[in-house]
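# Inside the fold
Each chain, letter by letter, is given below.
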Amino acid sequence: MRPPSSRRTVARLVQFVGLIDAVICVLAPRHHRFVLLADMVPTAGMLTARVATGVVGVLLLYLGAGLRRGKRRAWQLALVLSLVSIALHLVKGGPVPTVFAGVIVALLVAKRDEFTAGGDPGSRWRAAKACATFLGAGFVLGFAEIAVRVNRLDGRPGVLSWAAHAALGLIGVTGPVQFQYPLGALTVAVTTGAFGLLAFGLGGFLLLRPSTGRRATDAEARARLREMLDRHDDGDSLGYFALRADKQLVWAPSGRAAVAYRMVNGVGLASGDPIGLPSEWPRAIGKYLAECAEHGWTPAVLACGTAGGRAYQKAGLDVIELGDEAIVDVAGFALQGRSMRGVRQAVGRMRRSGYSCTVVRQRDLAPEALVEAVACADVLRDGKVERGFSMALSRLGDPADGDCLLVLCRDEHGALRGLLQFVPWGRRGLSLDLMRGDRTAPNGLTELMVVSAIEAAPDAGVDRISLNFAVLRSVFARAEELGAGPVTRLWCRILRSASRLWQIESLYRANAKYQPSWQPRFLCFPSARDLPRIAVAALSAESFLPGRSTHQELTAAPTLAEPVAAPTPTDPAARLARSTLAADPADPAGPEPGPARRRPAADAARPELAAGAALPGRGADPARPELAADPGGPESVAAPARRRPAAGAARPELAAGAARPESAAGLAGSESGAGHALRKPAADSARSKPGAGSAA
């Protein structure tokens, strides 16, 4: 929904006048005009007016963005600054800029009813406090600098003259005190002027801060949302993530549909499709857009599906494709066939090594096992921040999430080496949220856990499973087709270069090995000029930018009388690592054996990407000759065994595998879980589905 054309016009004209003021400030004054005004205005006054005009121009340029979003306080400040600009131009001489500023004043007054968006109620006091603090500090320092130079002053000015000089210096005006040396006068002027500029700049910034809106959704509204998810949310795999504690809800008037969003740096950031009855989506979207307009937020939607994208487009937002979500059809999944050879070999190797998986609903898991799972997830997380927003729940073990499905992978010693968490997707689906894997485990840990979940799905009443989100997958797919054009190939090369930082391509490859169907996901936004602001907000929400994170650790399971000790990195049975290595999903499976090698390290932002693609074609352990052949498919052939480097019981020389990247990496789980890439852009966030990194 674009701002009204009249409001955009006002904002642009205000910025144009601000640009003129800033340019005039640096241009040399006309000599004849300067001489003409010299008899009426002191030279110092004209010079001060020129500098102040530049400051006003810069502030008007800054206020243009707030005016475009309809902020009332931005309108008030723009009106005041335009009046100040008229006065300054009269002092320094400038009839044309004076006329421009006068037109802006008239236009702002005429369109005042279009600027109604409120600001943060507490920002006025914070702005006043910050302004008073810096003004006071500047005054004290300026006064002190004059005092220490009392023997270098012309004449004997009194203390009141000192105070007047320091106070006037805060607004850039030369005071009555005269110094014997120019350096002393310059020092006082710079000190007081810098503090004055900082005070007014910071005060204006705080005054224009957007409102945070309502507080997080209360328990009653969250209970209504759960009930609505049970009834209507078979369509969107991201629906369950609306239950995050940091998301707010705006409801359709009928109460049968809602939009979940979070305000981030002036952006009302929603994710996924609206929740509830599709016929009520337009009304819920209308309420969401109205709330954004009321507070002056920029509306944006991350990773919505096709149906949601159409609904948001009808409401006035632009839509672009962001990537594709990997959906596995449980009934059609099988490990047979050459295309599944890599996955089949990895799973078979892990099972013959003594690894096994338990697939269980959280409500059916014993309290001791749940405590162990939470402790393991915390130990295996890389870093302190739990990443994720659009495709991550960012909690584990909450009693309210009893329908979540957990996959617990243990080694031959019974030590927990990896886990997955799937959240409900309607009545017959699951959506990957959390993935953790021990990087010291043999290669294939992720494949084993994912395949175990798919194999157990029929008994759990599950028909489909949503895996990772692959950012801009269609670009790689089209570039591989016969006859791909030069633009497509160039775009593919650019993305491959970017994959060195965010593992965009590796995420696609890691998803593709499960032979999923691909469902597109979209980004909705008001206009192209809002995309940089939305990208920064998305990265902040996904915890990929410095700042306060909503969730620093996973929710702990219910406390036990005698809590189970968490596995530690020194445990010989399960040397749990705090990060994982991503597998190389692009590595082709082949019959030729080769020495075991460490997989390349995963993106630092997503080290949780644990288990990964199998490394068929690498030599089998001589201690396990049965691994030389692939019993799962007729095309496999026995390969001569080649000794791997010694690794101990846990075979730590092998990376845990391509774990689901939390948002823009391989099938590795993010810190808060594995999930769609959009869920966490190239980082260890929750579910490696669409993530901020991808949005960026």
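See the structure printed just above.
These lines cover the structure that appears in this document, whether it is placed above or below. (Residues numbered from 1 in each chain as written. Predicted model: local features only at pLDDT ≥ 70, side-chain atom pairs only at ≥ 80, totals over all residues. Heavy atoms only, no water.)

### Overview of the overall build of the chain
- Each helix and strand in the chain was counted, giving 19 helices and twelve strands.
- Burial analysis of the chain (696 residues in total) assigns 56% to the buried set.
- Sequence separation of at least 24 residues holds for 75% of the intrachain contacts in the chain that already meet a minimum separation of 6.
- Summed over its atoms, the accessible surface of the chain is roughly 28,900 Å², and 60% of this surface lies on carbon and sulfur atoms. (Helix = DSSP H or I, 4+ residues; strand = E, 2+ residues; numbered from the N terminus. Buried < 20%, exposed > 50% of the residue type's maximum accessible area, 1.4 Å probe, protein only. Contact = heavy atoms within 4.5 Å. Areas by Shrake-Rupley, 256 points an atom, 1.4 Å probe, with all protein chains shown as cover.)

### Points about the pairing of strand β2 (residues 257–264)
- Extensive coverage of β2 is indicated by the burial of eight of its eight residues.
- Of the two faces of β2, both are covered, the one formed by Ala 257, Val 259, Tyr 261 and Met 263 as well as the one formed by Ala 258, Ala 260, Arg 262 and Val 264.
- Counting the residues that bridge the hairpin from strand β1 (residues 248–251) to β2 gives five residues, and of these Gly 255 lies at a positive phi of roughly 80°.
- With two bridges joining them, β2 and strand β4 (residues 275–276) adopt antiparallel strand pairing. (Pairing = 2+ DSSP bridges.)

### Focus on the pairing of strand β8 (residues 405–410)
- Most of β8 is tucked away, with five of its six residues classed as buried.
- Pairing between strand β7 (residues 356–361) and β8: six bridges, direction antiparallel. Each residue of the ladder has a partner; that of Cys 357, found in β8, is Cys 409.
- Pairing geometry for β8 and strand β9 (residues 416–425), over six bridges, is antiparallel. Across the sheet, Leu 405 pairs through a bridge with Phe 422, a residue of β9.
- Linking two consecutive strands that pair antiparallel, namely β8 and β9, is a turn of five residues; a positive phi of about 85° is found at Gly 414 within it.

### Focus: the nonpolar core
- Among the nonpolar cores identified, the biggest contains 44 residues, and Leu 225, Tyr 240, Trp 251 and Leu 269 are the most heavily contacted of them.
- In this structure, Leu 269 is in contact with Ala 260, Tyr 261, Arg 262, Ala 300, Leu 302, Phe 389, Ala 537, Ala 538 and Ala 541, ignoring residues within four places of it in sequence.
- With 31 residues, the next largest nonpolar core counts Met 340, Phe 422, Leu 430 and Ala 441 among its residues. (Core = buried A, V, L, I, M, F, W, Y, C linked by side-chain atoms within 4.5 Å.)

### Description of the packing of aromatic side chains
- For the coordinates displayed, the defined rule picks out five aromatic pairs.
- Members of the aromatic cluster, connected to one another through ring pairs, are Phe 139, Phe 143 and Trp 162.
- The positively charged end of Arg 72 is found above the aromatic ring belonging to Trp 75, 4.5 Å away from the centroid. (Phe/Tyr/Trp six-rings, centres within 6.5 Å; stacked < 30°, edge-to-face > 60°. Lys NZ or Arg CZ within 6 Å of the ring centre and 35° of its normal.)

### So, helix α9 (residues 219–232)
- Between its first and last C-alpha, α9 extends 20 Å over 14 residues, near the 20 Å set by a 1.5 Å rise per residue.
- Ala 221, Arg 222, Leu 225, Met 228 and Leu 229 are the residues of α9 that are buried. What you see down the axis of α9 is that its buried residues fit within an arc of 115°, all on one side. Along α9, exposed side chains directed more than 90 degrees from the buried face belong to Ala 219, Glu 220 and Asp 230.
- Buried residues belonging to α9 abut β1, β2 and β4. (Expected span 1.5 Å × (residues − 1). Arc of directions from axis to C-beta.)

### Some points on the packing of helix α4 (residues 72–92) against helix α5 (residues 95–110)
- Direction vectors running N to C along α4 and α5 enclose 155°, while the axes themselves pass 9 Å from each other. Between α4 and α5, the interaxial angle falls into the category roughly antiparallel. Crossing of α4 against α5: the hand is left-handed. Contacts between α4 and α5 pair Trp 75, Ala 78, Leu 79, Ser 82, Leu 83, Ser 85, Ile 86, His 89 and Leu 90 from the former with Pro 97, Thr 98, Ala 101, Gly 102, Ile 104, Val 105, Leu 108 and Val 109 from the latter. (Axes fitted to C-alpha atoms, helices over the stretch in contact; angles between N-to-C directions. Parallel < 35°, antiparallel > 145°, perpendicular 65-115°, else oblique. Left-handed = near helix turned anticlockwise from the far one by under 90°.)

### A short note on unusual backbone geometry
- Despite not being glycine, Asn 265 has its phi angle at roughly 50°, a positive value.
- Tracing the backbone through its elements, the reader meets Asn 265 in the loop between β2 and β3 (267–271).
- Judged by its relative accessible area of 46%, Asn 265 is partly exposed.
- In this structure, Ala 303 takes a positive phi of about 60° despite not being glycine.
- The residue Ala 303 is located in strand β5 (residues 298–304) in this model.

### Some remarks on the environment of Gln 515
- Within the fold, Gln 515 resides in the loop between α17 (504–512) and β12 (517–525).
- For Gln 515, a relative accessible area of 48% corresponds to the partly exposed category.
- Placed 183 residues apart in sequence, Gln 515 and Gly 332 show a C-alpha to C-alpha distance of 9.7 Å.
- Filtering out sequence-adjacent residues up to four positions away, Gln 515 remains in contact with Ser 339 and Met 340.

### Focus on the side chain of His 165
- By the secondary structure assignment, His 165 is in helix α7 (residues 159–169).
- Excluding residues that lie within four positions of it along the chain, His 165 makes contacts with Ile 146, Gly 175, Pro 176, Val 177, Phe 179 and Val 188.

### Focus: a nonpolar patch on the surface
- A surface patch of nonpolar side chains, about 440 Å² in accessible area, is lined by Phe 16, Val 96, Val 99, Phe 100 and Val 103.
- The leading source of residues in the nonpolar patch is α5, at four residues.
- Summarising the element assignment, Val 103 is placed in helix α5.
- With relative accessibility at 48%, the residue Val 103 sits in the partly exposed group. (Patch = residues over 30% accessible without salt bridge, like charges linked within 9 Å, V, L, I, M, F, W, Y side chains within 5 Å. Salt bridge = Lys/Arg side-chain N within 4 Å of Asp/Glu carboxyl O.)

### A closer look at the side chain of Asp 324
- Within the secondary structure, Asp 324 sits in strand β6 (residues 318–329).
- Taking the relative accessible area as the measure of exposure, Asp 324 reaches 4% and is therefore buried.
- Excluding its chain neighbours within four sequence positions, the residues that come into contact with Asp 324 are Asn 468, Phe 469, Ala 470, Arg 473, Ser 474, Trp 518, Gln 519, Pro 520 and Arg 521.

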